[in-house]
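Fold and geometry: a report
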Amino acid sequence: MDRFAAYDCSDGCPVEAALEQISGKWKGLAIYHLMGGTMRFNALVRALGDVTQRSLTKQLRELEADGIIHREVYPVVPPKVEYSLTAKGEALRPVIVALHGWGSRNALPLKG
């Protein structure tokens, strides 16, 4: 038996579909930080470090469109926006935890 037969993606690849939703420089990290609970936008910016507001906004909107995060806007001045994981986002928890463990064991030092 072909050792790659189990990975037949002729009808569409589930791995590709999953990566399409969570790929992006900041998406995985945003999901990782939201695993700790609801966060406001500026708290996410601080947690991610080197991200621009524009880049983070774009990726958060994509995660929201894909049903992975929920964006709650409160009608106050100044505007208050909070982000949290949806049930679909919570289902990524074991994947993100596994990536964290793998990265801890195998990641190369970050370039500085």
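As the structure is a prediction and not an experimental result, all values here were calculated from the model. (Residues numbered from 1 in each chain as written. Predicted model: local features only at pLDDT ≥ 70, side-chain atom pairs only at ≥ 80, totals over all residues. Heavy atoms only, no water.)

If you trace the 3 strands from one edge of the open sheet to the other, you get β1-β3-β2, paired in antiparallel fashion. Whereas interior strands pair on both sides, the edge strands pair on one side only; in this sheet they are β1 (39-40) and β2 (69-74). Two elements, β1 and strand β3 (residues 80-85), share 2 bridges in a ladder whose sense is antiparallel. Directly across from Arg 40, in β3, lies its bridge partner Glu 82. (Pairing = 2+ DSSP bridges. Helix = DSSP H or I, 4+ residues; strand = E, 2+ residues; numbered from the N terminus.)

For the rest of this paragraph, the subject is the pairing of β3. Across the 6 residues that make up β3, a large majority, 5, are buried. Of the pairings in the sheet, the one linking β2 to β3 comprises 6 bridges and is antiparallel in character. Looking at β3, one finds that Ile 69 is bridged to Leu 85. A loop of 5 residues connects β2 with β3, the two strands running antiparallel in sequence. (Buried < 20%, exposed > 50% of the residue type's maximum accessible area, 1.4 Å probe, protein only.)

At their nearest, the axes of helix α1 (residues 14-22) and helix α2 (residues 27-34) sit 8 Å apart, and the two run at 75 degrees to each other. Classed by the angle they form, the pair α1 and α2 counts as roughly perpendicular. Residues Glu 20, Gln 21 and Ile 22 of α1 form the contact with α2, whose own contacting residues are Lys 27, Gly 28 and Ile 31. Class assignment for the residues of the contact of α1 with α2 results in 2 nonpolar, 2 polar and 2 charged. (Axes fitted to C-alpha atoms, helices over the stretch in contact; angles between N-to-C directions. Parallel < 35°, antiparallel > 145°, perpendicular 65-115°, else oblique. Contact = heavy atoms within 4.5 Å. Nonpolar A, V, L, I, M, F, W, Y, C, P; charged D, E, K, R; others polar.)

Grouped together as the largest cluster of nonpolar side chains are 22 residues, with contacts concentrated most on Ile 31, Leu 56, Leu 60, Ile 69 and Tyr 83. Elements with a minimum of two residues in this core: α2, α3 (41-48), α4 (53-65) and β3. Ranked by the residues each element gives to this core, the list is headed by α3, at 4 residues. Ignoring anything within four residues of it in the chain, the contact list for Leu 56 reads Phe 41, Leu 44, Val 45, Leu 48 and Val 51. (Core = buried A, V, L, I, M, F, W, Y, C linked by side-chain atoms within 4.5 Å.)

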